[in-house]
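Listed below, chain by chain, are the residues.
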Amino acid sequence: MMYFRCDTEKLLPQFLLYSIYGKFISTYIELKTNGSTVGHLRLPQVYSMPVLLPPLAEQHKIVRQLANMEDTIFETSIKINKQITLMQEFRTALIADAVTGKIDVTKDSQ
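Residues numbered from 1 in each chain as written. Predicted model: local features only at pLDDT ≥ 70, side-chain atom pairs only at ≥ 80, totals over all residues. Heavy atoms only, no water.

**Points about the environment of Met2**
Using the following cut-off: Secondary structure elements follow DSSP: runs of H or I of four or more residues count as helices, runs of E of two or more count as strands, with numbering from the N terminus. Think of it in three bands: with a 1.4 Å probe and only protein chains considered, a residue is buried below 20% of the maximum accessible area for its type, exposed above 50%, and partly exposed in between. Between two residues, a contact is recorded if the distance between any of their heavy atoms is within 4.5 Å.
In this fold, Met2 is placed in the segment before helix H1 (13-21). Take Met2: its relative accessible area is 41%, and that puts it in the partly exposed class. The sequence separation of Met2 and Leu66 amounts to 64 residues, and the corresponding C-alpha distance is 24 Å. Met2 has contacts with Leu43 and Val46, leaving out every residue within four places of it along the chain.

Encoded structure:
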């Protein structure tokens with residue numbers, strides 16, 4: 001476990017977090033920890049971690065955009081989970097109605 005403390009005049013902590021989870025740095029970490037069951041980075045490898053450092057205004061813009069995307073994904077996920085629950089309830093009710101004879105599911109019922 002490591003604690004990163006950013007010079008906030010150069011790097012936003014949230015931008016660093018998004019960067020670490022992004023493809024660029026996660027690929028670096030994957031390559032440096034290759035061959036181990038539990039990956040570990042040594043301090044020199046952490047110091048050498050490639051971090052893109054756009055201007056602070058651009059970092060703010062990127063962080064806002066990614067946060068908005070996260071919100072949208074979260075809201076969509078909630079809606080999808082609600083729909084899945086409703087479909088499961090409908091399926092259960094449909095099976096119960098078929099088993100109890102409330103609906104006719106025989107081939108000749110057309």
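Next comes the rest of the write-up.
**A word on the environment of Leu53**
Along the chain, Leu53 turns up in the loop between helix H3 (43-47) and helix H4 (56-100). By relative accessible area, which is 53% here, Leu53 ends up exposed. Remark: the alpha-carbon pair of Leu53 and Ile29, spanning 24 residues in sequence, is separated by 18 Å. Beyond its immediate stretch of four places on either side in the chain, Leu53 contacts Lys10, Leu11 and Gln59.

**Things to note about the nonpolar core**
Put simply, the rule reads: Each nonpolar core is a collection of buried residues, namely Ala, Val, Leu, Ile, Met, Phe, Trp, Tyr and Cys, held together in the definition by side-chain atoms within 4.5 Å.
Counting 12 residues, the largest nonpolar core consists of Cys6, Leu11, Leu12, Phe15, Leu16, Tyr18, Ile20, Ile25, Tyr28, Val46, Met49 and Val63. Looking at this core, the elements that each hand over two or more residues are H1 and helix H2 (23-32). The leading source of residues in this core is H1, at 4 residues. Apart from the residues lying within four places of it in its own chain, the contact partners of Tyr18 are Val63, Leu66, Ala67 and Glu70.

**Observations regarding the side chain of Thr33**
Structurally, Thr33 can be placed in the loop between H2 and H3. If near-sequence neighbours (up to four positions away) are discounted, Thr33 is found in contact with Gly39, His40 and Leu41.

**Thoughts on the packing of H1 against H4**
This is how it is decided: Angular values range over 0 to 180 degrees, each being the angle between N-to-C directions of two axes fitted as lines to C-alpha atoms, with helices fitted over their stretch in contact. Crossing handedness: left-handed means the near helix sits turned counterclockwise from the far one by under a right angle, and right-handed means the same turn made clockwise. Note on residue categories: nonpolar means Ala, Val, Leu, Ile, Met, Phe, Trp, Tyr, Cys or Pro, charged means Asp, Glu, Lys or Arg, and polar means any other residue, Gly included.
Look at H1 against H4: their axes get within 9 Å of each other, and the N-to-C directions meet at 60°. Judged by the twist between their axes, the crossing of H1 over H4 is left-handed. In contact with Gln14, Phe15 and Tyr18 of H1, H4 contributes Gln59, Ile62, Val63, Leu66, Ala67 and Glu70. Within the contact of H1 with H4, the residues separate by chemical class into 6 nonpolar, 2 polar and 1 charged.

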